[in-house]
Amino acid sequence: MILTKFLDRDAATVAPDLLGAKLLIDGVGGIIVETEAYHPDDPASHSFRGPTPRNSAMFAGPGRVYVYRSYGIHWCLNFVCRGASAVLIRAIEPTDGIDLMRERRGLDDLKTLCSGPGKLCAALGVTGELDGRALDGPPFDVALPRHAADAAVGPRIGITKAAEIPWRFGVRGSRFVSKPFPKA
């Protein structure tokens, strides 16, 4: 219930506040170090054109996950927030189940294991089967951060519409983010 209340805010507010949270899926995961926010008024958001069978989880209320395939290849994990807004979990610092993540990804490099939304989902075993599930129960375990992280802010990446909106957030100095942030 605490997590649902935390997520019952606009995604652009939630996204930087998720930095430093611990995300585990069936005991595998780590510390969230990079996020991006998407809002229904944002042409890059999947909720922009209203509800569809694909994005129905975004309209199910805060505290659920929205999982979709990017370009038909990579799974992407989002935390649904207030008003069909969502936070894309872009990268984590691996801490738990590292051997299983390495096996799933077929690589050893800890830095690149979960440094991007598709990599993260592959390492954590995220598939469309999780779409719409509540975050406050199995297989998820989310521990919110005790303190605000020192956040770097920049434009979103990997999109063509509204990419300039500064709704990409990362733990400043983390070597586990997907791409470096612009220098301030």
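Engineer: Please explain the overall build of the chain as it appears in this structure.
Structural biologist: Looking only at helices and strands, the chain features four helices and eight strands. Listing each helix as α and each strand as β along the chain from the N terminus yields α-α-β-β-β-β-β-α-α-β-β-β. A compact globule built from 184 residues would reach a C-alpha radius of gyration of about 16 Å, and the chain, at 15 Å, matches this within 12%. Dimensions of the chain, computed from the C-alpha atoms along their principal axes, are close to 40 × 40 × 35 Å. Counting every position in the chain, which comprises 184 residues, the buried fraction comes to 45%. Taking the contacts inside the chain whose residues are at least 6 apart along the sequence as the reference set, 59% of them involve residues at least 24 apart. Accessible surface computed for the chain: about 8,800 Å², of which carbon and sulfur atoms make up 54%. Taking the average place of the 23 positive charges on the side chains of the chain and the average place of its 20 negative ones, the gap between the two points comes to 4 Å.

Engineer: I tried to follow the pattern of salt bridges on my own but got confused; where do I start?
Structural biologist: Side chains that carry opposite charge are capable of pairing whenever their charged atoms lie near each other. Under the counting rule described, the total for this entry stands at seven salt bridges. Here Arg82 makes a salt bridge to Asp8, at a shortest N to O gap of 3.1 Å. You can see Arg82 sitting in the loop between strand S4 (74-80) and strand S5 (86-96) and its partner Asp8 sitting in the loop between helix H1 (2-7) and helix H2 (11-17), a full 74 residues away along the chain. Residue Arg82 is classed as partly exposed on the basis of its relative accessible area, which comes to 46%. With a relative accessible area of 32%, Asp8 lands in the partly exposed category. A salt bridge links Arg168 to Glu34, with the shortest nitrogen-to-oxygen separation between them at 2.6 Å. On the criterion of sequence distance, the pair formed by Arg168 in strand S8 (residues 168-171) and Glu34 in strand S2 (residues 28-38) is long-range, its members being 134 residues apart. As far as the burial class goes, Arg168 and Glu34 line up, both buried. Among the ionic contacts, a cluster of salt bridges with common partners joins Glu34, Glu36, Arg90 and Arg168.

Cut-offs and rules
- Residues numbered from 1 in each chain as written.
- Predicted model: local features only at pLDDT ≥ 70, side-chain atom pairs only at ≥ 80, totals over all residues.
- Heavy atoms only, no water.
- Helix = DSSP H or I, 4+ residues; strand = E, 2+ residues; numbered from the N terminus.
- Rg over C-alpha atoms; globule rule 2.2 N^0.38 Å.
- Buried < 20%, exposed > 50% of the residue type's maximum accessible area, 1.4 Å probe, protein only.
- Contact = heavy atoms within 4.5 Å.
- Areas by Shrake-Rupley, 256 points an atom, 1.4 Å probe, with all protein chains shown as cover.
- Lys, Arg positive; Asp, Glu negative; His and termini not counted.
- Charge placed at Lys NZ, Arg CZ, Asp CG, Glu CD.
- Salt bridge = Lys/Arg side-chain N within 4 Å of Asp/Glu carboxyl O.

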